[in-house]
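So you can see what is in the structure, the chains are spelled out below.
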Amino acid sequence: MDVHNEVGTGLKASLLMFVLVLVGTLVYFVVQQNDELFQIYAAQDVDTVLTRQSVTPNKVDSTQPAP
C-alpha cells in the first residue's frame, strides 16, 4: 500500500507541476500580447495626434465682426 501511495503522490506532484508550468506559460503569452496591443494602440494615438497637428486650421474671416 505504501508503494502505491508514493507513486500516486509523485504522479500528482508531476501533474501539478505540469499544470503550473502550462498556466504560467499561457499567462506569459497573454501578457506579451497585451503589451504588444498596448504599443500598437499607443502608436496609433501618436499618429492621430501628429496628423491633427499637421492639418491647417480653418481661416477666420476677419472682415465680419465678432458676435
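The structure displayed is predicted, hence computed values, not measured ones. (Residues numbered from 1 in each chain as written. Predicted model: local features only at pLDDT ≥ 70, side-chain atom pairs only at ≥ 80, totals over all residues. Heavy atoms only, no water.)

## Quick notes on the overall build of the chain
Scanning the chain for helices and strands turns up one helix and zero strands. For the chain, the exposed surface amounts to about 6,700 Å²; the carbon and sulfur share of it is 66%. (Helix = DSSP H or I, 4+ residues; strand = E, 2+ residues; numbered from the N terminus. Areas by Shrake-Rupley, 256 points an atom, 1.4 Å probe, with all protein chains shown as cover.)

## Some details on the packing of aromatic side chains
Inspection of the entire model under this criterion finds one aromatic pair. Taking 5.5 Å as the distance between ring centres and 65 degrees as the angle between the ring planes, the aromatic pair formed by Tyr28 and Phe29 counts as edge-to-face. Judged by its relative accessible area of 49%, Phe29 is partly exposed. (Phe/Tyr/Trp six-rings, centres within 6.5 Å; stacked < 30°, edge-to-face > 60°. Buried < 20%, exposed > 50% of the residue type's maximum accessible area, 1.4 Å probe, protein only.)

## Quick word on a nonpolar patch on the surface
Together, Leu15, Phe18, Val19, Leu22, Val23, Leu26, Val27 and Val31 line one region of the surface with nonpolar side chains, adding up to about 730 Å² of accessible area. By secondary structure assignment, the location of Val19 is in helix α1 (residues 2-54). What makes Val19 partly exposed here is its relative accessible area of 38%. (Patch = residues over 30% accessible without salt bridge, like charges linked within 9 Å, V, L, I, M, F, W, Y side chains within 5 Å. Salt bridge = Lys/Arg side-chain N within 4 Å of Asp/Glu carboxyl O.)

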